[in-house]
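Chain by chain, the residues:
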Amino acid sequence: MPGSGYATISRKKILEFLKKNSDRTVAVADIDHYLKAQDCEVNITTIYRYLDKLAKDGTVIKYVAEKGNQAVYQYVELGHHCEEHLHLQCVKCGKIIHLECEFMDEISEHILKDHGFKLQCKTYNICVVMPGEYDVVDLTFFQECLFGIQEIAGSMEYDILLSICRKNDISSLERIIANHKVDGVILMRTFVEDEQIDFLQTKNVPFVTIGSTSANYKGVIQIDHNHKSACKELTSIILMKQMDKIALIGGNEEHVVTQSRLRGFREAYAMMGKTLDVDLMFLSQDNQVLVEKAVKEALNRQADCILCMDDAVCSRVLKTLRQQHVKVPEDVRVASFYNSMVLENNVPSITSLSFDAKELGMVACRTLLDLTEGLEVKERTLLPYEVVLKESTK
């Protein structure tokens, strides 16, 4: 129940009164009179504070009064989508009518064309959903993406609500949408089976993804780097350097980006006419213990090169090699499908793929805002990459 954090009798009674009178606006004086009739006297300041809290939550709408009058409040029934339409209020009884009629679009167009005013029913907020599970080195990527999103959002006078969701817990996102707090959503990580996408499509909320989606989802607006082509090119370069025994160490197979990188890796072997050694493929190695075992196995199988699917995995691989006194590139070469400052500052520096995370955020935000305006946008946008050859593969 909205406002359940205020688990007191008086606050429950306030919410009860608001729900009973959801078809009209009420003033603080009305609530005060009701509470006194219920033998539940509450300080006026407390009532105001609770109403302000409910307004911030989206549980009530606060109507700013004309000069000389008090503000009034109205409980918002779930499903009314009050940000999407206009309201009429009776000046005598305060009753509210939700104008969800189709001809309101014609009225809005008339007011804009003939009178020069545009009716706005927007929140001017967007939600950015970050994954709850990430490595410390991932923070740089998310931070740069957020910088890009904020740069575009700020220039268009939008604010950002940050939501943290885990694969099986999207309650934060559900609450934001239920309370009509945002005009659209940016998902910063996609999954093969994605509960976030299922939910947003059901609610018909405009959204874009940073990253590609699996083939199960149709019509999703995706902003991504061309991971498959990038990984295919880097793997091909390594194979051309006569490093035939490549050990691939990767992260979570439930992430769509992992599957894209894996397809690029496989396609490189097929294009070069080389045989892929599946015994040198180690996927879902998402902690230090698993990476250490994978590195040990790769060295025992005399791998020429250890190719890491991202910078988090690569950092763990380099740590393991240092602990085992294995030199790069003298004893084994190392490369990564994703670059970061951690790898740039490593000695030796690591051959990797470079992507512009800030540009990714900027394009995602610009696309989402176009989508909320009803403009036509591309279903899938792939941004460029750069192969950076360093000392680690010499």
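Predicted, not measured: the structure shown is a model, and the values here were computed from it. (Residues numbered from 1 in each chain as written. Predicted model: local features only at pLDDT ≥ 70, side-chain atom pairs only at ≥ 80, totals over all residues. Heavy atoms only, no water.)

### Describing the sheet that holds strand S16 (residues 386–388)
Two modes of strand pairing occur in sheets, parallel and antiparallel, and in both the strands are linked by backbone hydrogen bonds.
Alright, step 1. One open sheet accounts for six strands, arranged S11-S10-S12-S13-S14-S16; its pairing is mixed. Pairing within the sheet leaves two strands with one partner each, and these edge strands are strand S11 (281–282) and S16.
Alright, step 2. As defined by bridge partners, strand S13 (residues 333–336) adjoins strand S14 (residues 351–354) across two bridges and the pair is classed as parallel. Directly across from Ser 336, in S14, lies its bridge partner Ser 352.
Alright, step 3. Packing of helix H8 (residues 227–240) onto the sheet brings it into contact with strand S10 (246–249), strand S12 (305–308), S13, S14 and S16, and relative to S14 it is tilted by some 160°.
Alright, step 4. The strands that helix H9 (residues 256–272) touches are S10, S11 and S12; relative to S10, the one it contacts most, it runs at about 165°. (Pairing = 2+ DSSP bridges. Helix = DSSP H or I, 4+ residues; strand = E, 2+ residues; numbered from the N terminus. Contact = heavy atoms within 4.5 Å. Axes fitted to C-alpha atoms, helices over the stretch in contact; angles between N-to-C directions.)

### Some thoughts on the packing of aromatic side chains
Alright, step 1. Considering all chains together, one arrives at seven aromatic pairs under this definition.
Alright, step 2. Measuring from ring centre to ring centre gives 6.0 Å for Phe 141 and Tyr 338, while their planes differ by 85°; the resulting arrangement is edge-to-face. Residue Phe 141 is located in helix H5 (residues 138–155), and its partner Tyr 338 is located in the loop between S13 and helix H12 (341–344); the two are separated by 197 residues in the primary sequence.
Alright, step 3. Of the residues examined, Tyr 338 reaches a relative accessible area of 10% and is grouped as buried. (Phe/Tyr/Trp six-rings, centres within 6.5 Å; stacked < 30°, edge-to-face > 60°. Buried < 20%, exposed > 50% of the residue type's maximum accessible area, 1.4 Å probe, protein only.)

### Notes on the sheet that holds strand S8 (residues 207–210)
Alright, step 1. Reading across the sheet, the six strands line up as S6-S5-S7-S8-S9-S15 and stay open at both edges, with parallel pairing between neighbours. Two strands close off the open sheet at either side, each with one partner strand: strand S6 (159–165) and strand S15 (380–383). Looking at each pair of strands side by side, their axes are set apart by 20° on average, direction ignored.
Alright, step 2. Examined bridge by bridge, strand S7 (residues 184–187) and S8 share three bridges and lie parallel to one another. Residue Ile 186 lies in a different strand from S8, and its bridge partner there is Val 208.

### Some details on the nonpolar core
Alright, step 1. Ranked by size, the top nonpolar core spans 49 residues in total, and within it Ile 126, Ile 186, Ile 210, Leu 248, Leu 307 and Phe 337 carry the most contacts.
Alright, step 2. The biggest single contributor to this core is helix H13 (residues 357–372), with eight residues.
Alright, step 3. Setting aside anything within four residues of it in sequence, one finds Phe 337 in contact with Cys 231, Leu 234, Thr 235, Leu 248, Arg 261, Phe 265, Leu 307, Cys 308, Met 309, Leu 353 and Phe 355.
Alright, step 4. Formed by 22 residues, the second largest nonpolar core is a distinct cluster that contains Ile 249, Ile 306, Val 328 and Val 334. (Core = buried A, V, L, I, M, F, W, Y, C linked by side-chain atoms within 4.5 Å.)

### A word on the packing of helix H1 (residues 9–20) against helix H3 (residues 44–57)
Alright, step 1. It is the contact of H1 with H3, at a shortest axis distance of 11 Å, that shows an interaxial angle of 60°. By the criterion of interaxial angle, the relationship of H1 to H3 is oblique. The way H1 lies across H3 gives a crossing that is right-handed. Residue-level contacts link Arg 11, Ile 14, Leu 15 and Leu 18 of H1 to Thr 46, Ile 47, Tyr 50, Leu 51 and Leu 54 of H3.
Alright, step 2. Looking at the contact of H1 with H3, its residues break down into seven nonpolar, one polar and one charged. (Parallel < 35°, antiparallel > 145°, perpendicular 65-115°, else oblique. Left-handed = near helix turned anticlockwise from the far one by under 90°. Nonpolar A, V, L, I, M, F, W, Y, C, P; charged D, E, K, R; others polar.)

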